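Topology and contacts: notes
Here is how the chains run, residue by residue.
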Amino acid sequence: MLKYGTSLYIRQKSGVVMTRYWENQSGVYDPTAKEVIDNEFKRSKEIHDTINQVKNILKDKNLVLVERIIIQDKLTKRIWR
């Protein structure tokens with residue numbers, strides 16, 4: 001998933017970048033896929049913001065992050081690196 005400016009782009013396995021991710025391969029609106037992609041993007045942004053908050057706290061305390069941050073979602077068991 002890529003984000004450029006205010007638009008969301010989805011990269012398929014074939015390398016093709018989809019700009020209209022709410023459509024299926026036939027070009028028909030797919031509300032289920034849109035909801036899943038939107039939720040995943042929202043969660044990804046929450047994780048990114050959380051990592052930035054941790055880094056800012058460390059910076060305020062004159063500390064440096066030495067190792068990579070690894071976070072696991074309790075509900076989905078997904079690991080974010």
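In what follows, the structure referred to is the one given above.
Please read all numbers here as calculations on a predicted model, not as lab measurements.

1. A look at the overall build of the chain
When you go through the chain residue by residue, the secondary structure sums to one helix and five strands. The N-to-C order of helical and strand elements in the chain reads β-β-β-α-β-β. Taking the intrachain contacts of the chain between residues at least 6 apart in sequence as the baseline, contacts between residues at least 24 apart amount to 22%. Put simply, the chain shows about 7000 Å² of open surface, and 53% of that area lies on carbon and sulfur atoms.

2. Remarks on the pattern of salt bridges
All chains considered together, the criterion is met by four salt bridges. In this structure, E46 engages R43 in a salt bridge whose closest nitrogen and oxygen atoms are separated by 2.9 Å. Linking E46 with R43, this pair stays in helix α1 (residues 31–60), spanning three residues, or about one helical turn. Using a relative accessible area of 31% as the deciding quantity, one classes R43 as partly exposed.

About the cut-offs
Counting of residues starts from 1 at the beginning of each chain's written sequence and follows it residue by residue. The model is predicted, so local features are restricted to residues of pLDDT at least 70 and side-chain atom pairs to those at 80 or more, both for listing and for counting; the totals for chains, interfaces and linings are taken over all residues. Calculation of side-chain values draws on the structure's entire complement of heavy atoms; hydrogens and water are dropped beforehand. Helix and strand labels come from DSSP, where a helix needs a run of H or I of at least four residues and a strand needs a run of E of at least two; each type is numbered from the N terminus. In this description, contact between two residues means that some pair of their heavy atoms is separated by no more than 4.5 Å. Residue-level accessible areas treat just the shown protein chains as cover; the underlying method is Shrake-Rupley with a 1.4 Å probe. A pair is scored as a salt bridge if a Lys or Arg side-chain nitrogen falls within 4 Å of a carboxyl oxygen belonging to Asp or Glu. The rule is simple: take the accessible area with a 1.4 Å probe, protein chains only, and divide by the maximum for that residue type; under 20% is buried, over 50% is exposed, in between is partly exposed.

Treat this as a map of the structure, not an account of what it does.
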